[in-house]
Structures are given as C-alpha cells and as structure tokens.
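Single-letter residue listing:
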Amino acid sequence: MNSIIQQKKVLEYTENFIRVRFEKDGSGHDWWHIHRVRNLAIRFANIEGGDLFIVEMAALLHDLDDWKLSGDEQMGQTKAWLIQIGLPNEQSEKILSIIAEVSFKGAGVETAATSLEAAIVQDADRLDAIGAVGIARTFAYGGNKGRLLYHPDENPEMHSSFEAYQKTTAPTINHFYEKLLLLRDRMNTSTAKKMAEGRHQFMEKYLEQFFSEWEGKI
Ligand code: ADP
Ligand code: NI
C-alpha cells in the first residue's frame, strides 16, 4: 500500500470503523482513548521517526482485540479488518506485531518493544494510562467491573505472570501500585519520558490526598 491517497483512505476507513466500535465503551477504553493515543503516537513518530502509516494504524487498532474488552471468542478482529481492507501481508504483520507488544502484562512481566513503531505506540498508550486522564480511566474501569475503590486489608500484588495479572479483582487503588506508578520508568522514547514525569507526580499527589481524606485527616 504505497500511494499516499490509498493510505489516507485506509486510515479514514479504519478510524470510522473504530469510532463506531468504541463509541459506547464505559470502561475507559472509549473512542477518545484511541483518539488521544493516536495523536500522541503521531507526535512521537514525527519527533522520533518510524513509519507514520504503520504507527497510526497500530494506534487506531490497538485495543480492538484487547483481552479486557473482547472475550476470547472475538479474538482476531484486527486481522479480519486488515484482510478486509486489503492491506499487504507485510504491513498487516507489522501492525499485528506492534499491537501484540503494546499491552502491560503485569509488574514482573517483561514487555520490551522490538521496533521503534512498537516503542512509540506503547508509550502513547501508557501515557494515556497515567496522570489526570489515567486516574479517570482507572476508576471508570473499576466501576465498570464492579470493583471497590479501596480496601485497607487488600494489599497490591506485583504480578509475575500475565495470567495472574488478568485474574485480579482487587480494588481500583491497587492498580496504581500494580501498574500506573511503574509506567514512568518504563517509557521508551525521550519525549514520552519527559511527559510521564508530570503525570506521575500528579498521581502521587492524588494518592496522598486520597489517603489523607480516607483517614479523615483533612
Ligand atoms: P494496556 O493494554 O496496557 O492494559 P489499555 O489502553 O488497554 O492498556 O488500558 C489500560 C487501562 O485500563 C489502565 O490504565 C486502567 O485505566 C484500566 N485498567 C486495566 N486493568 C485495571 C484494573 N485491574 N483496575 C483498574 N483499572 C484497570
Ligand atoms: Ni489502549
């Protein structure tokens, strides 16, 4: 898919498909999450390099087959879409391999990005998981899954396998310790590292305030 016009069309079709598909998500993975991740990924690719078309496609499609959103029976939607729009195999494989590397899989699980494009999309997705937006998304997810906000007797766990991470039903505050506060030090690109700093500090302040209020101190 070499012509710019063809690529533009493919991006447009894909955006429309994803926009409709994620319109009503109430778990913090709605269309606007995809939109923010796509825009951040484009910005990083413009600064750091990488194949812009591949980056944008992977960002748009990155949550379509996510285990948190689609049951196992729905797996393979991304591949089906790429076949439907007639993308050459080589490009489809690249997009699918980036998406496979994007997700966080547990505090103790290695998720290194093996290409610049994967590093960029991973950074964009992880930036949207932290800061003020990240906090909002996390409580939306917890509410969507019927989780408690916090329970003083349930301590965070540093999951050493993806299976253990997937099984947790712990209160939402635990997710800050099990994932969100770890992301700053796991960013790939220097642009994302800089942005992560302020978002990280905001979460730390938020948690401090949360616990002070929980104990009725302020
Ligand atoms: P990833 O693929 O890395 O999981 P996503 O874009 O799919 O990234 O979204 C992850 C977001 O979903 C988290 O940052 C958080 O907001 C929410 N989330 C996932 N698991 C939990 C959980 N156990 N508790 C609360 N929020 C969660
Ligand atoms: Ni995402």
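Structure: above.
Just so we're clear, the structure is a prediction, and the values are computed from it rather than from any experiment. (Residues numbered from 1 in each chain as written. Chains lettered and ligands numbered in written order. Predicted model: local features only at pLDDT ≥ 70, side-chain atom pairs only at ≥ 80, totals over all residues. Heavy atoms only, no water.)

1. Examining the coordination of the nickel ion (ligand 2)
Six octahedral donors around a metal ideally make angles of 90 or 180 degrees; four tetrahedral donors ideally make 109.5 degrees. Binding of the nickel ion (ligand 2) to the protein goes through His33 (NE2), His62 (NE2), Asp63 (OD) and Asp125 (OD), at separations of 2.1 to 2.4 Å. In the primary sequence, the donor residues of the nickel ion (ligand 2) line up as H-x28-H-D-x61-D. Residue histidine 33 is found in helix 2 (residues 31-48), and its partner histidine 62 is found in the loop between helix 3 (52-61) and helix 4 (77-84); the two are separated by 29 residues along the sequence. Histidine 62 carries the same exposure label as histidine 33, and that label is buried. (Donors = N, O, S within 2.8 Å, 3.2 Å for Na, K, Ca; no water. Helix = DSSP H or I, 4+ residues; strand = E, 2+ residues; numbered from the N terminus. Buried < 20%, exposed > 50% of the residue type's maximum accessible area, 1.4 Å probe, protein only.)

2. Considerations on the pattern of salt bridges
Inspection of every chain in the model, using the stated rule, returns 10 salt bridges. The shortest N-O distance in the salt bridge between glutamate 15 and arginine 38 comes to 2.9 Å. With glutamate 15 in helix 1 (residues 4-22) and arginine 38 in helix 2, this residue pair connects regions lying 23 residues apart in the sequence. Here the two residues glutamate 15 and arginine 38 agree in accessibility, since each one is buried. A cluster of three or more residues bridged by salt bridges with shared partners is formed by Glu15, Arg19, Arg38 and Glu56. (Salt bridge = Lys/Arg side-chain N within 4 Å of Asp/Glu carboxyl O.)

3. Considering the packing of helix 2 against helix 6 (residues 116-127)
It is the contact of helix 2 with helix 6, at a shortest axis distance of 8 Å, that shows an interaxial angle of 135°. Taken as axis vectors, helix 2 and helix 6 run oblique relative to one another. Here helix 2 and helix 6 pass one another in a crossing that is right-handed. Between helix 2, through His33, Val37, Leu40, Ala41, Phe44, Ala45 and Glu48, and helix 6, the contact on the second element is made entirely by Leu116, Ile120, Asp123, Ala124, Asp125 and Leu127. Grouping the amino acids of the contact of helix 2 with helix 6 by side-chain chemistry returns nine nonpolar, one polar and three charged. (Axes fitted to C-alpha atoms, helices over the stretch in contact; angles between N-to-C directions. Parallel < 35°, antiparallel > 145°, perpendicular 65-115°, else oblique. Left-handed = near helix turned anticlockwise from the far one by under 90°. Contact = heavy atoms within 4.5 Å. Nonpolar A, V, L, I, M, F, W, Y, C, P; charged D, E, K, R; others polar.)

4. Some words on the side chain of glutamate 15
Judged by its relative accessible area of 18%, glutamate 15 is buried. Excluding residues that lie within four positions of it along the chain, glutamate 15 makes contacts with Trp31, Arg38 and Leu60.

5. A look at the packing of aromatic side chains
If you walk through the whole model with that rule in mind, you get 14 aromatic pairs. Between phenylalanine 17 and tryptophan 81, the aromatic rings sit 4.2 Å apart at their centres with planes inclined by 10°, giving stacked as the arrangement. Pair noted here: phenylalanine 17 is in helix 1 and tryptophan 81 is in helix 4, with a separation of 64 residues, a long-range link. The buried category is assigned to tryptophan 81, whose relative accessible area is 10%. Three or more aromatic residues link up through ring pairs in this structure, and these residues are Phe139, Tyr150, Phe176, Tyr206, Phe210, Phe211 and Trp214. Sitting over the face of the ring of phenylalanine 22, arginine 21 holds its NZ or CZ atom 5.3 Å from the ring centroid. Positioned above the aromatic ring of phenylalanine 162, the side-chain terminus of lysine 105 is 5.8 Å from the ring centre. (Phe/Tyr/Trp six-rings, centres within 6.5 Å; stacked < 30°, edge-to-face > 60°. Lys NZ or Arg CZ within 6 Å of the ring centre and 35° of its normal.)

6. A few points about the environment of methionine 203
Mapped onto the secondary structure, methionine 203 falls in helix 10 (residues 190-214). By relative accessible area, which is 0% here, methionine 203 ends up buried. For methionine 203 and glycine 131, which are 72 residues apart along the polypeptide, the C-alpha to C-alpha distance reads 5.7 Å. Not counting residues within four places of it along the chain, the set of residues in contact with methionine 203 comprises Ile130, Gly131, Ile135, Phe176, Leu180 and Leu181.

7. A short note on the nonpolar core
If you look at the biggest cluster of nonpolar residues, it comprises 51 residues, and the most contacted ones within it are Met57, Leu61, Ile95, Leu127, Ile130 and Phe176. By residue number, the principal contributor to this core is helix 3, which donates eight residues. When residues no more than four places from it in sequence are discounted, the contact partners of phenylalanine 176 are Ile135, Thr138, Phe139, Leu181, Met203, Tyr206 and Leu207. (Core = buried A, V, L, I, M, F, W, Y, C linked by side-chain atoms within 4.5 Å.)

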